[in-house]
Amino acid sequence: MSKRGFLSSDTSPVLMKVLQSIRDPLALAASKLQPADILTVIAQTEACWEHPPTPAHRTKTQSPAYVKIPSPHHSLVTGLHKMLVSSLSHVPKVPCSVLVCVDCRPTIVKGCWGLWSLKAVKAMSLNILALMKGGADVTLTTIGEDKLMQQVQLNTTDTVDSLASRLEKVKGGVMDPALLMSWAREGSKKADLVICMTDSHSEVEREELWTELELYRNTVCHVKFIYCALSSRSLFPSVANKSDPFMIDICGFGPDSTRIIQAFAKDCF
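All of the points below concern the structure found in this document. (Residues numbered from 1 in each chain as written. Predicted model: local features only at pLDDT ≥ 70, side-chain atom pairs only at ≥ 80, totals over all residues. Heavy atoms only, no water.)

1. Structural notes on the packing of helix 1 (residues 13-22) against helix 5 (residues 74-87)
No. 1: At their nearest, the axes of helix 1 and helix 5 sit 10 Å apart, and the two run at 10° to each other. Relative to helix 5, helix 1 is oriented roughly parallel. Taken as a pair, helix 1 and helix 5 cross one another with a handedness that is left-handed. Residues Leu15, Val18, Leu19 and Ile22 of helix 1 form the contact with helix 5, whose own contacting residues are Ser75, Leu76, Gly79, Leu80 and Met83.
No. 2: Residue classes in the contact of helix 1 with helix 5 are distributed as seven nonpolar, two polar and no charged. (Axes fitted to C-alpha atoms, helices over the stretch in contact; angles between N-to-C directions. Helix = DSSP H or I, 4+ residues; strand = E, 2+ residues; numbered from the N terminus. Parallel < 35°, antiparallel > 145°, perpendicular 65-115°, else oblique. Left-handed = near helix turned anticlockwise from the far one by under 90°. Contact = heavy atoms within 4.5 Å. Nonpolar A, V, L, I, M, F, W, Y, C, P; charged D, E, K, R; others polar.)

2. What to know about the pattern of salt bridges
No. 1: Overall, the coordinates contain twelve salt bridges when judged by the stated rule.
No. 2: The residue aspartate 103 makes a salt bridge to arginine 105 at a minimum N-O spacing of 2.8 Å.
No. 3: Aspartate 103 sits in the buried class, given a relative accessible area of 1%.
No. 4: In this structure, the salt-bridge partner of arginine 185 is glutamate 212, at a minimum N-O distance of 3.1 Å. Here arginine 185, found in helix 8 (residues 177-186), pairs with glutamate 212, found in helix 9 (residues 206-219); they are 27 residues apart in sequence, far enough to count as distant. (Salt bridge = Lys/Arg side-chain N within 4 Å of Asp/Glu carboxyl O. Buried < 20%, exposed > 50% of the residue type's maximum accessible area, 1.4 Å probe, protein only.)

3. Comments concerning the sheet that holds strand 6 (residues 193-198)
No. 1: One open sheet holds the six strands; their spatial order is 5-4-1-6-7-8, and the pairing between them is mixed. Either end of the sheet is taken by a strand with one partner, and the two such strands are strand 5 (149-151) and strand 8 (247-251). The sheet shows a mean angle of 25° between the axes of neighbouring strands, direction not considered.
No. 2: Bridge analysis of strand 4 (residues 137-143) against strand 5 gives three bridges, and the strand direction is antiparallel. Paired with threonine 141 across the bridge in strand 5 is glutamine 151.
No. 3: Its contacts with the sheet put helix 9 on strand 7 (224-229) and strand 8, and the angle it makes with strand 8 is roughly 130°. (Pairing = 2+ DSSP bridges.)

4. Observations regarding helix 8
No. 1: Looking at helix 8, one finds that the buried residues are Pro177, Ala178, Leu180, Met181, Ser182 and Ala184.
No. 2: Those residues of helix 8 that are buried are in contact with strand 1 (97-102), strand 4, strand 5, strand 6, helix 9 and strand 7.
No. 3: Taken from the residues just after helix 8, serine 188 is the one with a positive phi, measuring 50°.

This is the structure:
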């Protein structure tokens, strides 16, 4: 529709119909669309559905025959953002305690693997808020430039944009999952699930992490662990211990990202 210019003018009957649909709360509930589904569409819309800026695509855009897709009317993006906020109330309920550590270095604004136009920090914020709306008790942390653990403010009124903006302003240090688990163990911070979120950091002391994770399980409580690298296609070697069924790696971002996290937390696989 956008390629044909149907979504560019505020007088377009097609745009009016689309806006009517995305503003309908009953239609949203019936659709069972999750926040990650809508954020995916928002990222694509704001980028005018452009392909990733690969050398091949850049060459294609320089061709006289190339026609850029017209930008959609701003009311469409505004409507989608409101739809995103509303969709958070439809996240499946998965009550649990979650400890999240975010890599807050400047690279947090890199695009996600699988959705280049979405900043990793926004994907992180979406997953955090969706878990909260699903009934999880979330403790948000980061590692500062001084290599000390810091807790980050998390509000029930946060939006994806407001939380992402706050995380971008944090002066973070290198992600260290072993340090996180040591800090949680020494502070007796109970959690059902620990998630480390980074754009693409993979230089992790794996053996040290696995040891700290086992110490935590023996002295505090049983816990699952997820290492999320949102800008990476894969991790080699994996951060998760392949012999530990309660550890997984997640790379990139897609509409099912939050569902996967919740399913892992609820022993669905």
